[in-house]
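# Examining the three-dimensional arrangement
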Amino acid sequence: MQHVNSWRDVAAATGAADRADAEEGVRRAYRLAGLAEPERIVWAESPRAAVEAVEKLTDAGRSVREEVRTRPWAEERRRMYDELGPAGWSALWSATGAQLWETTAALAERIRSGVVADLAPRPTEEGAVRLVLLDAVLGQHDAAWLAAFDGRGDRLTGLAEVARNAGWWWPYERAVVISERPEVLHRDEAGRLDHGEGPALAYRDGFALYAWRGMPVPAAFLAELASLTPQRIREEENAELRRVMLEYYGYDRYLTESGAEPVHRDETGILWRIALDGDEDVVMVEVVNSTPEPDGTHRTYWLRVPPGTRTAKDGVAWTFGLEGAAYAPVRQT
């Protein structure tokens, strides 16, 4: 569905919010919920800054997230479920919100974790920050479920307008705090935060998340990647960070430059093993494509295989979902 792609764009949108349209969306959401419009709207540069702004609010009244977001969503979902039936609702969700849910929910959780880490350096302070985050409506990151209701009624149009034009927001009886969208967003093909040369997600006030293929990493760690050596990789005590180093450096390059010795050879290729302290071995099969390139050379490939692999043939067979004894290609390509 075309509107699913438009909501995918909403979830990944970067750059300045359209404040006028977002504020009109807020007012509409309040009216549709039967509430008086908020007396004031406060803008913040990031979700982190928004939490700080919420903590400083005075005379804002109680949170109205239940009335503005939770109740309308639940009632519209029930209406659509009754109208379409279980199979129809499941089909609708599969074709719309389910397409966006996993990556968008993961991104929202990473933002929550980043806000907590920045604002609650001590475990005893985390509870207060998490309570504020529970009051948030996720704006653009509510795109998944908003996609399912697009064009199916007016009840959620206020929420949708805010989502299309701004980031997270906090609705209270007399005041609203709204966050800007990020300025930078880098993700890999699986939709995970991923960037090797700076923040994977960044807001203009400096709130940022650093990640490599979805795994959180320190900013200083990324700065070091360009100057890696096999010795530095071996010295890294954190197994997860060492794995990132190997992926960035390249397993084949590491094997070549670290003086590794092959553990097995046969007609299919060469089996290599990298023993890592505190982590499972990295095992690779080096294979040569039997079909020559246009220039007459033969390309070498490195295939990562399970740690328990003992022969090159077993490794190559595993990549085809076979046991080694069953792998007997008629012709290699």
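Going by the annotation in an unreviewed UniProt entry, the name recorded for the protein chain is DUF6745 domain-containing protein, with Streptomyces cavourensis given as the source organism.

## Concerning the sheet that holds strand S3 (residues 175–179)
Here we have 3 strands laid out as an open sheet, ordered S1-S3-S2, and mixed in their pairing. Where the open sheet ends on each side, the last strands, each with one partner, are strand S1 (40–44) and strand S2 (169–171). Direction aside, the axes of adjacent strands within the sheet are offset by 15° on average. Sheet topology places S2 next to S3; 3 bridges connect them, and they run antiparallel. Opposite Pro171, over in S3, you have Val176 as the bridge partner. Each of S1, S2 and S3 is contacted by helix H3 (residues 47–56), which is oriented at about 160° to S3, the strand it contacts most.

## Description of the sheet that holds strand S11 (residues 282–288)
With antiparallel pairing, the 4 strands of this open sheet are ordered in space as S9-S10-S11-S12. A single partner strand is all that each edge strand has here, and the edge strands are strand S9 (264–266) and strand S12 (300–305). Neighbour-to-neighbour, the strand axes of the sheet open up by a mean angle of 20°, direction not taken into account. With 6 bridges joining them, S11 and S12 adopt antiparallel strand pairing. The residue of S12 that forms the bridge with Met284 is Arg304. The sheet strands contacting helix H13 (residues 312–319) are S9, strand S10 (269–274), S11 and S12, and the helix crosses S12 at an angle near 85°.

## What to know about H13
Burial in H13 covers these residues: Ala312, Gly315, Val316 and Ala317. Buried residues along H13 sit in contact with S9, S10, S11 and S12. With its phi angle positive at about 75°, Gly321 sits one or two positions after the end of H13.

## Structural notes on the packing of aromatic side chains
Following the criterion strictly, the structure yields 8 aromatic pairs and no others. Centre to centre, the rings of Trp145 and Phe149 are 6.2 Å apart; their planes meet at 75°, and the pair counts as edge-to-face. Taken together, the residues span about one helical turn, with Trp145 and Phe149 both in helix H7 (residues 143–149) at a distance of 4 residues. On the accessibility criterion, Trp145 (4% relative accessible area) is buried. One aromatic cluster is present, built from ring pairs that chain together Trp73, Trp89, Trp145 and Phe149. Here Arg253 stacks its cationic end above the ring of Tyr249, 3.9 Å away from the centre of that ring.

Procedures and definitions
- Residues numbered from 1 in each chain as written.
- Predicted model: local features only at pLDDT ≥ 70, side-chain atom pairs only at ≥ 80, totals over all residues.
- Heavy atoms only, no water.
- Pairing = 2+ DSSP bridges.
- Helix = DSSP H or I, 4+ residues; strand = E, 2+ residues; numbered from the N terminus.
- Axes fitted to C-alpha atoms, helices over the stretch in contact; angles between N-to-C directions.
- Contact = heavy atoms within 4.5 Å.
- Buried < 20%, exposed > 50% of the residue type's maximum accessible area, 1.4 Å probe, protein only.
- Phe/Tyr/Trp six-rings, centres within 6.5 Å; stacked < 30°, edge-to-face > 60°.
- Lys NZ or Arg CZ within 6 Å of the ring centre and 35° of its normal.

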